[in-house]
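# Structural characterization, general
Each chain, letter by letter, is given below.
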Amino acid sequence: NEKTTEVIQAAFQHARYPSIEGQRSIGFGTVKYGFHNLEIHNLSIGKSEFELKENEGIGISISNVSAVFKGTINYGYGSWL
């Protein structure tokens, strides 16, 4: 499991992710958000376990994870009032 944790950390470290945009209704308004140019830095995994599942693949459980995300966050709030 220690090697699995090292492989997972190496795979996600400094990886770039696609932009995410969306909106959520809260109270009397809407919050719009966007995350752009996301990268993960300083990824730390406390524990990982894996299980080979016949005819399905590999099940991976990861816990006690911390990470620093770098990128651009845009948000706005609109109200119908």
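Everything below is about the structure printed above this text.
I will try to describe carefully the structure that is included in this document. What you see is a predicted model; the values in this text were computed from it and never measured.

Now for the packing of aromatic side chains. With the rule as written, the count across this model stands at one aromatic pair. Ring geometry for Y33 versus F35: centroids 5.8 Å apart, planes at 50°, classification tilted.

Evaluated as defined, the whole model comprises two salt bridges. Two residues, R16 and E39, come together in a salt bridge whose shortest N-O distance is 3.1 Å. Highlighted residues: R16 in strand β1 (residues 16-17) and E39 in strand β3 (residues 29-53), separated in sequence by 23 residues. Accessibility expressed as a relative area gives 65% for R16, which makes it exposed. K47 is the salt-bridge partner of E49, the closest N and O atoms lying 3.2 Å from each other. On the basis of relative accessibility, which here comes to 37%, the residue E49 falls in the partly exposed class. A residue is classified by how much of its surface remains accessible, and K47, at 43% relative accessible area, is partly exposed.

Moving on, we come to the pairing of strand β4 (residues 57-79). Two elements, β3 and β4, share 20 bridges in a ladder whose sense is antiparallel. Directly across from E49, in β4, lies its bridge partner S61.

The next point concerns the pairing of β3. Examined bridge by bridge, β1 and β3 share two bridges and lie antiparallel to one another. Bridged to Y17 within β3 is L38. Here strand β2 (residues 20-26) pairs with β3 via seven bridges, running antiparallel. What sits directly across from E21, in β3, is G34. Hairpin remark: β2 followed by β3, antiparallel, with two residues in the connecting loop; positive phi at G27, about 55°. Hairpin connection of β3 to β4: three residues between the antiparallel strands, including N55 at a positive phi of 60°.

Reading the values: rules and limits
Residues numbered from 1 in each chain as written. Predicted model: local features only at pLDDT ≥ 70, side-chain atom pairs only at ≥ 80, totals over all residues. Heavy atoms only, no water. Phe/Tyr/Trp six-rings, centres within 6.5 Å; stacked < 30°, edge-to-face > 60°. Salt bridge = Lys/Arg side-chain N within 4 Å of Asp/Glu carboxyl O. Helix = DSSP H or I, 4+ residues; strand = E, 2+ residues; numbered from the N terminus. Buried < 20%, exposed > 50% of the residue type's maximum accessible area, 1.4 Å probe, protein only. Pairing = 2+ DSSP bridges.

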